[in-house]
Amino acid sequence: MGAPEFLFLLQGLKWTVLLSAIGFVGGGIVGLLVALARTSGQPLLERGTAAYIALFQGTPLLMQLFVVYYGLALVGLELESWQAVAIGFTANSSAFLGDIWRGSIEAVPKGQTEAAKALSLSYVSRMRDVILPQAIQISLPATVGFLVQLIKGTSLASIVGFTELARAGNIVSNQTFKPLLVYAVIGVMYFALCWPLSLLGSWLERRIAAPTR
Amino acid sequence: MPAQPERADPLITMEGVDKWYGEFHALRGVNIEVRRGEKIVLCGPSGSGKSTLIRCINHLEAVQKGRIVVDGISLDDSARAVDAVRREVGMVFQSFNLFPHMTVLQNCTLAPMRVRGLNQAEAEATARKYLERVRIGEQAAKYPAQLSGGQQQRVAIARALCMEPKVMLFDEPTSALDPEMVKEVLDTMIGLARDGMTMVCVTHEMGFARQVADRVIFMADGEILEEAAPETFFKNPQHPRARTFLGEILAHH
Ligand SMILES: Nc1ncnc2c1ncn2[C@@H]1O[C@H](COP(=O)(O)OP(=O)(O)OP(=O)(O)O)[C@@H](O)[C@H]1O
Ligand SMILES: [Mg+2]
């Protein structure tokens, strides 16, 4: 395996990182809306988002990517593979992040909402100034944990023909006939991405578990 | 605090209020009038509906029947009426409910800035004034977790005062405190009463009631059973439930 192959793998790594970032940012924005709707106290919104979460958590990501890529093409919406993958990952992440953040919002003591209401703060201010800052702190370990899962999950993008790290490895391995070496390199690359995040996650967890702020 | 303008209409009126939690009948035909400047102590056994009653005044709980008017605003369930009432009604909780991620000063400036539209300098000036008033000015930069329970509750009082409310509601403000901290909070409340604040206090601190209350209201099972001046109520309670209740309170103290 020479420099060109290695560079090819680095290209794959770049897409893995980008894909994770898209999934995380897109999923984060939609996920926040999902979490807010899920805790809104409006029965229709709550039931709708509960179904959304159940649907995306209850079916394999692989299937969701297939549906977006091939399913939408069937109804005439032809997407580039990267577009399909971005949509698929955003939808999937938003369901998981939405559920994590719903739990965190609900974990903020009820007295906080009551005090904010008694001060006549609007819904927007209650959420932005009082509830979300506390909920985000509570959710950090689980959120980082999800990010690690997301990074590893991006390997599924290869099935719709997207050349991220895992698929790049597959290609190089087929060309060089050195699967062990190639997959060892890929493994190290995934590890280098995920391990620091795992450390960050457990550090955050310890910090939150500590009795004083 | 500017003296309340002399107005004859009551600040709070509750007329024929009924409240259910699901099947459970929590308030039964409650009628109350609170005049401007009046101090009321609400007492009664656990589960009698005291918290429910005062939480209806600022619509933390909705009622199913009856009429509630606060400072001339009729509390229907419209957001506009609810917001308007909450701007004029301060509330202090048993468990303080300070915002733990904000400093004492930020706790006090948030609502005036967001709701009253003060700028930061104005809000901080107001906050410092009221923090001084509850004698905790030097703690402004600390976080709630760094304060004792009594200090936290005084911050909570200052936070409510920063909205310059027309009435303050207290729901057992000293029940969660260690005994040695009860006095500092009661003294703060007594000071507030002296300055003419209208107050509705749920408390079992009978010394406070004697000293401050214009009227004691006794509830049991969601009903108001007795209303009297504190001297009359403590010396000569009329209702048998009130006698039993006072007997138990005195036995405890
Ligand atoms: N959110 C709720 N859902 C259902 N029942 C409730 C709710 N809040 C209060 N209750 C019930 O209503 C009754 C009155 O409660 P409330 O808290 O007003 O009593 P209280 O007089 O303040 O009692 P305490 O002295 O214990 O604080 C109680 O029986 C309580 O169990
Ligand atoms: Mg109570």
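What counts and what doesn't
- Residues numbered from 1 in each chain as written.
- Chains lettered and ligands numbered in written order.
- Predicted model: local features only at pLDDT ≥ 70, side-chain atom pairs only at ≥ 80, totals over all residues.
- Heavy atoms only, no water.
- Helix = DSSP H or I, 4+ residues; strand = E, 2+ residues; numbered from the N terminus.
- Rg over C-alpha atoms; globule rule 2.2 N^0.38 Å.
- Buried < 20%, exposed > 50% of the residue type's maximum accessible area, 1.4 Å probe, protein only.
- Salt bridge = Lys/Arg side-chain N within 4 Å of Asp/Glu carboxyl O.
- Patch = residues over 30% accessible without salt bridge, like charges linked within 9 Å, V, L, I, M, F, W, Y side chains within 5 Å.
- Areas by Shrake-Rupley, 256 points an atom, 1.4 Å probe, with all protein chains shown as cover.
- Contact = heavy atoms within 4.5 Å.
- Buried area = accessible area lost by both parts, 1.4 Å probe.
- Polar contact = N/O pair within 3.5 Å; in protein donor to acceptor, adjacent residues only side chain to side chain.
- Nonpolar A, V, L, I, M, F, W, Y, C, P; charged D, E, K, R; others polar.
- Core = buried A, V, L, I, M, F, W, Y, C linked by side-chain atoms within 4.5 Å.
- Near = heavy atom within 4 Å.

Trainee: How would you sum up the overall build of chain B? Please name residues and give values.
Mentor: Along its length, chain B carries nine helices and 10 strands. For 253 residues, the compact-globule estimate of 2.2 N^0.38 gives 18 Å, and the C-alpha radius of gyration of chain B, at 18 Å, lies within 12% of that figure. When its C-alpha atoms are laid out on the principal axes, chain B stretches across 55 × 45 × 40 Å. Every one of the 253 residues in chain B was classed for burial, and the buried ones make up 56%.

Trainee: Hey, could you go over the pattern of salt bridges for me, with residue numbers and the actual values?
Mentor: Taken as a whole, this structure holds 23 salt bridges over all chains when the rule is applied. Of the charged contacts, one joins Asp71 of chain B and Arg36 of chain B as a salt bridge, the two residues approaching to 3.0 Å between their closest N and O atoms. A residue pair is termed long-range when its members are at least 10 positions apart, and Asp71 of chain B in the loop between strand E4 (65-70) and strand E5 (73-74) and Arg36 of chain B in the loop between strand E2 (24-34) and strand E3 (39-43) qualify at 35 residues. With a relative accessible area of 13%, Asp71 of chain B lands in the buried category. Here Arg55 of chain B makes a salt bridge to Glu61 of chain B, at a shortest N to O gap of 3.2 Å. Taken as a pair, Arg55 of chain B and Glu61 of chain B share a single burial class, namely buried. Taken together, the shared-partner salt bridges in this structure form one network comprising Lys110 and Glu114 of chain A together with Lys19, Arg55 and Glu61 of chain B.

Trainee: Describe a nonpolar patch on the surface, with residues and values.
Mentor: The grouping of Phe6, Leu7 and Leu10 of chain A at the surface amounts to a nonpolar patch, some 260 Å² of accessible area in total. With respect to the element layout, Leu10 of chain A can be found in helix H1 (residues 3-38).

Trainee: For the interface of chain B and chain A, give the residues involved together with the corresponding values.
Mentor: Every contact between the two is made by 24 residues of chain B and, on the other side, 17 residues of chain A. If you sort the residues of chain B by the area they bury against chain A, Arg86, Phe99 and His101 of chain B come out on top, with a joint share of 29%. For the interface between chain B and chain A, the tally reads two salt bridges. A salt bridge links Glu114 of chain A to Arg55 of chain B; the shortest N-O distance between them is 2.8 Å. Scanning the region where chain B abuts chain A turns up six residue pairs in polar contact (both at pLDDT 80 or more). Tallied by class, the residues present in the side of chain B that touches chain A amount to 15 nonpolar, three polar and six charged.

Trainee: Residues and numbers for the nonpolar core, please.
Mentor: Core analysis: the largest hydrophobic core is formed by 78 residues, its most contacted members being Ile12, Met14, Leu53 and Ile54 of chain B. Broken down by element, this core gets its largest block of residues, 11 residues, from helix H6 (residues 123-153) of chain A. Sequence-distant contacts of Leu53 of chain B, that is, excluding residues within four places in its chain, are made with Met14, Leu27, Val30, Ile32, Leu42 and Met219 of chain B. Core analysis: the next-biggest nonpolar cluster, separate from the first, contains 51 residues, Phe170, Ile190, Val212 and Ala213 of chain B among them.

Trainee: Could you give me a rundown of the side chain of Lys19 of chain B, with the residues and numbers involved?
Mentor: Residue and element names in this part refer to chain B. Tracing the backbone through its elements, the reader meets Lys19 in strand E1 (residues 12-21). Side-chain polar atoms of Lys19 contact the backbone oxygen of Ala62, separated by 2.8 Å. In this view, Lys19 contacts Phe24, His25, Ala26, Leu27, Thr52, Cys56, Glu61, Ala62, Val63 and Gln64; residues no more than four positions away in its chain are not counted.

Trainee: I'd like a rundown of the site of ligand 1, residues and numbers included.
Mentor: All names here are of chain B. The environment of ligand 1 is made up of Tyr21, Phe24, Pro45, Ser46, Gly47, Ser48, Gly49, Lys50, Ser51, Thr52 and Glu172. Within the contact set of ligand 1, an oxygen atom lies 3.0 Å away from a backbone nitrogen or oxygen of Gly49. Within the complex, the protein chains bury 60% of what would otherwise be the 630 Å² of accessible surface of ligand 1. It is helix H1 (residues 50-57) that contributes the most residues to the shell around ligand 1, three residues altogether. Residue composition of the shell around ligand 1, by class: three nonpolar, six polar and two charged.

So yeah, pure geometry; function would need other evidence.
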